[in-house]
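# A look at the structure
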Amino acid sequence: MADKTVTGSGKNRAPLCMLAASLLFSLGGMLVKLVPWPPMAISCARSVIAGIVLFCYMKLRGHRIVVNRAVLLGGFAMGATSTLYVISTKMTTAACAILLQYTAPIFIILLMWAIFKVKPTGLDIGATFVLLCGVVLFFADSLRGGAGTMAGNITALVSGVTWALVFMMKQWDGADNLSSVFFGCVFCAVIGLPWMFSEGVVWTAPAVGGILAIGLFQFGAAYVFMAEGLERTPPLAASLISMLEPVLNPILVALTVGERVTGLARAGAVVVVGGVLVYNLLKAKAEGEAKVQMPPRRNAD
């Protein structure tokens, strides 16, 4: 394994890596909308390219690919999240797709309670209620958009569940994030392969250019930057920086594709983004106060 000694320059560079990751991830909605391929074909092609990028990065870092039940479970969750995101982005607005995925804290709270018996705090319950209100606004808006929009929103919400499982990977013994992301790429590539031979896959220069941009930068390079940033960026700072993605994603789509977010969905976006931000801040404050109140350890006589 590569030496992970934290230097001063590494600490200063880590938030910039997280920022780069968020900026690259935010390109997803725009690029997926611009590539005129079936969503499963896009998921397959970008995963092949991103998998190669991640494999090369892991080799350069001396990071061994781990294979165990925890890693494969994480890989399944990662692959499912990636696939569901592409499908939902094609079926509903980019704003709904990314923001409904960011309801993951709801499912983290519920799954931690159901699986690990971690009871939610009052803050957790309050955050769940607020985010659920945002979800209701999205689905109320989708009633005006027809069955396709409703199905897209449901798909995006399910991606929130699988995204929650990604965040929970470290709870299982033997977990390795990079290995799980790599196997997530393998999962997407295998599942989406049949769609690569469908009539909807036309190998035009713009389509190929879009796929290369998605695979190399929006997916592959983004996870490399994220891996570097998470090693040295405090969790709260990393979480707050990552909130740039759901904000920038729909803005870029609006500027390039002309897709607009209507009133109820816009209100839902404010509720979800604001709810996640406030929850992270209050959670960090509560954890900091709990550490301060803990009695100091006494040295053994």
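This one's a predicted model, so the numbers in the text were calculated from it and none came from an experiment. (Residues numbered from 1 in each chain as written. Predicted model: local features only at pLDDT ≥ 70, side-chain atom pairs only at ≥ 80, totals over all residues. Heavy atoms only, no water.)

### What about the overall build of the protein?
Of the regular secondary structure elements, the protein holds 13 helices and 0 strands. In sequence order, the secondary structure elements of the protein are arranged as α-α-α-α-α-α-α-α-α-α-α-α-α. Its C-alpha atoms give the protein a radius of gyration of 20 Å, within 12% of the compact-globule value 19 Å for 301 residues. Its C-alpha atoms give the protein principal-axis dimensions of about 75 × 45 × 35 Å. Taking all contacts inside the protein whose residues are at least 6 apart in sequence as the whole, residues at least 24 apart take part in 90%. Working note: accessible area of the protein is about 15,000 Å², and carbon and sulfur atoms make up 71% of it. Here the protein carries 22 positive and 13 negative side-chain charges, and the mean point of each set is 1 Å from the other. (Helix = DSSP H or I, 4+ residues; strand = E, 2+ residues; numbered from the N terminus. Rg over C-alpha atoms; globule rule 2.2 N^0.38 Å. Contact = heavy atoms within 4.5 Å. Areas by Shrake-Rupley, 256 points an atom, 1.4 Å probe, with all protein chains shown as cover. Lys, Arg positive; Asp, Glu negative; His and termini not counted. Charge placed at Lys NZ, Arg CZ, Asp CG, Glu CD.)

### Quick notes on helix α6 (residues 104-116)
Taking 1.5 Å of rise per residue, 13 residues should cover 18 Å, and α6 covers 17 Å from first to last C-alpha, within 8% of that figure. Residues of α6 that are buried: A104, P105, I106, F107, I109 and M112. K117 lies just past α6 and shows a positive phi near 60 degrees. (Expected span 1.5 Å × (residues − 1). Buried < 20%, exposed > 50% of the residue type's maximum accessible area, 1.4 Å probe, protein only.)

### Regarding the side chain of T103
Mapped onto the secondary structure, T103 falls in the loop between α5 (94-101) and α6. Since its relative accessible area comes to 0%, T103 is described here as buried. Among the polar contacts listed, one links the side chain of T103 to the backbone oxygen of L100, at a separation of 2.5 Å. Here T103 is in contact with V135, L157, G160 and V272, once residues within four sequence places are set aside. (Polar contact = N/O pair within 3.5 Å; in protein donor to acceptor, adjacent residues only side chain to side chain.)

### Things to note about the nonpolar core
Looking at soluble globular proteins, one finds that nonpolar side chains tend to be buried together. In this structure, W37, I42, L99, F138 and Y223 are the most contacted members of the largest nonpolar core, which totals 70 residues. Here this core gets 10 residues from one element, more than from any other, and that element is helix α10 (residues 205-232). (Core = buried A, V, L, I, M, F, W, Y, C linked by side-chain atoms within 4.5 Å.)

### Remarks on the state of the cysteines
Applying the stated criterion across every chain, the model contains 0 disulfides. Its sulfur unpaired, C17 is 18 Å from the next cysteine sulfur, which belongs to C56. A residue is classified by how much of its surface remains accessible, and C17, at 10% relative accessible area, is buried. (Disulfide = S-S within 2.5 Å.)

### Focus: a nonpolar patch on the surface
A cluster of nonpolar residues, L16, L19, L23 and L244, forms a patch on the protein surface that exposes about 310 Å² of accessible area. By the element assignment, L19 lies in helix α1 (residues 8-25). (Patch = residues over 30% accessible without salt bridge, like charges linked within 9 Å, V, L, I, M, F, W, Y side chains within 5 Å. Salt bridge = Lys/Arg side-chain N within 4 Å of Asp/Glu carboxyl O.)

### A few points about the packing of aromatic side chains
The full count for this structure, using the stated rule, is 8 aromatic pairs. Taken together, a centroid distance of 5.0 Å and an interplanar angle of 75 degrees make the contact between F25 and Y223 edge-to-face. Of this pair, F25 sits in helix α1 while Y223 sits in helix α10, and the two are 198 residues apart along the sequence. Consider the rings of F76 and F187, whose centres lie 5.4 Å apart with planes at 70 degrees: the pair is edge-to-face. Note that F76 is positioned in helix α4 (residues 69-91) and F187 in helix α9 (residues 177-192), a separation of 111 residues in sequence. Linked through ring pairs, F25, F219 and Y223 together constitute an aromatic cluster. Positioned above the aromatic ring of F219, the side-chain terminus of R46 is 4.1 Å from the ring centre. (Phe/Tyr/Trp six-rings, centres within 6.5 Å; stacked < 30°, edge-to-face > 60°. Lys NZ or Arg CZ within 6 Å of the ring centre and 35° of its normal.)

### Examining the packing of α6 against helix α7 (residues 122-142)
α7 packs onto α6 with a crossing angle of 140 degrees between their chain directions and a minimal axis gap of 9 Å. With respect to their mutual orientation, α6 and α7 come out oblique. Regarding α6 and α7, the two cross each other, and that crossing is left-handed. Counting all contacts with α6, which are made through P105, I106 and I109, the residues of α7 involved are D124, T128, L131 and L132. Each residue belonging to the contact of α6 with α7 can be placed in one class, and the counts come to 5 nonpolar, 1 polar and 1 charged. (Axes fitted to C-alpha atoms, helices over the stretch in contact; angles between N-to-C directions. Parallel < 35°, antiparallel > 145°, perpendicular 65-115°, else oblique. Left-handed = near helix turned anticlockwise from the far one by under 90°. Nonpolar A, V, L, I, M, F, W, Y, C, P; charged D, E, K, R; others polar.)

### Topic: the layout of surface pockets
Here the second largest pocket defines a volume of roughly 250 Å³. If you go around the second largest pocket, you meet 14 residues; those closest to its centre are V247, P250, I251, V261 and A269. Where the lining of the second largest pocket is concerned, the elements lending two or more residues are α5, α12 (244-256) and α13 (263-293). Counting residues per element, the lining of the second largest pocket draws most heavily on α12, at 5 residues. Counted by class, the lining of the second largest pocket contains 11 nonpolar, no polar and 3 charged residues. (1 Å grid on protein atoms, 1.4 Å probe; cavity = no way out; pocket = protein on both sides within 12 Å on 5 of 7 lines; lining within 4 Å. Points joined across faces, edges and corners; volume = space filled by probe spheres on them.)

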